Structures are given as C-alpha cells and as structure tokens.
Amino acid sequence: MKQITARRAYTCDSCKTQIDKGQKYVRTSVGVKATSWTVDDRPKHEIPAWAWETVRLPVINCVTCSEVS
Ligand SMILES: [Zn+2]
C-alpha cells in the first residue's frame, strides 16, 4: 500500500498511536452501511434515503498496522 508522508499529526485508527508530522502513514477507506439498524430496531418514522447507502469512511493507519492487515 502507498505510504504518505504526514503533513500534520494524525492518530492511527487501529492502534491509536500518534503519527507525527513527517512520518509515513497509509490512508485507506472502508465501506460501511450508513446505518446499523436491524429491521426491528429501526425508527418507524421517516428514514432518510442515505441511511441505506454504503459510505466510504477514510481510515488512517500507521505503517505497522498497514503491514498487519
Ligand atoms: Zn497503528
């Protein structure tokens, strides 16, 4: 995976380690459902259309975590 040099400090989304400015990190994204409601659990009133779409969430990982996964 492509490593990016941090232009500011980040926090690794996996291990919560601080990634200092100038260190390498890896940016990926995960697709998650905008809602995690179950059928029985969901609100009975209006459900916005976006609630059923898959959204891409940006994920910042330190180099160590990016090599594990
Ligand atoms: Zn990490």
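Residues numbered from 1 in each chain as written. Predicted model: local features only at pLDDT ≥ 70, side-chain atom pairs only at ≥ 80, totals over all residues.

### So, the overall build of the protein
Part 1 of the reasoning: Scanning the protein for helices and strands turns up one helix and five strands.
Part 2 of the reasoning: Going from N to C terminus, the protein has its helices and strands arranged as β-β-β-β-β-α.
Part 3 of the reasoning: Residue burial in the protein is summarised as follows: out of 69 residues, 9% are buried.
Part 4 of the reasoning: Across the protein, contacts joining residues at least 24 apart in sequence account for 51% of those joining residues at least 6 apart. (Helix = DSSP H or I, 4+ residues; strand = E, 2+ residues; numbered from the N terminus. Buried ≥ 20, exposed ≤ 12 C-beta atoms within 10 Å, placed from the backbone. Contact = placed C-beta atoms within 7 Å.)

### Side note on the environment of Tyr10
Part 1 of the reasoning: Position of Tyr10 relative to the elements: it lies in strand 2 (residues 10-11).
Part 2 of the reasoning: The residues contacting Tyr10, other than those within four sequence positions of it, are Ile19, Tyr25 and Ile60.

### Focus on the sheet that holds strand 1 (residues 4-5)
Part 1 of the reasoning: Pairing within the open sheet is antiparallel, and its three strands lie in the order 1-4-5. Of all strands in the sheet, those bounded by a partner on one side alone are strand 1 and strand 5 (54-62).
Part 2 of the reasoning: In this sheet, strand 4 (residues 24-33) lies alongside strand 1 in antiparallel orientation, the contact comprising two bridges. Counterpart to Ile4 in the pairing with strand 4 is Tyr25. (Pairing = 2+ DSSP bridges.)

### A look at the confidence of the model for the protein
Part 1 of the reasoning: Looking at the protein, pLDDT values average 85 and 83% of them are 70 or higher.
Part 2 of the reasoning: For the protein, the element scoring lowest by mean pLDDT is strand 4, at 89; strand 3 (residues 18-19) scores highest, at 97. (pLDDT = per-residue confidence, 0-100.)

### Observations regarding the environment of Val55
Part 1 of the reasoning: Structurally, Val55 can be placed in strand 5.
Part 2 of the reasoning: Considered as a pair, Val55 and Val30 are 25 residues apart in the sequence and their alpha carbons are 8.1 Å apart.

### A word on the environment of Ala51
Part 1 of the reasoning: Structurally, Ala51 can be placed in the loop between strand 4 and strand 5.
Part 2 of the reasoning: Ala51 sits in the partly exposed class, given 14 other C-beta atoms within 10 Å.
Part 3 of the reasoning: Ala51 sits 18 residues away from Lys33 along the chain, and the two C-alpha atoms are 7.5 Å apart.

### Quick word on unusual backbone geometry
Leaving glycine aside, a negative phi is the common case for residues, and trans is the common case for peptide bonds.
Part 1 of the reasoning: Positive phi outside glycine occurs at Lys16, with the angle close to 65°.
Part 2 of the reasoning: Mapping Lys16 onto the fold places it in the loop between strand 2 and strand 3.
Part 3 of the reasoning: Overall, Lys16 belongs to the exposed group, with 8 C-beta atoms counted inside 10 Å.

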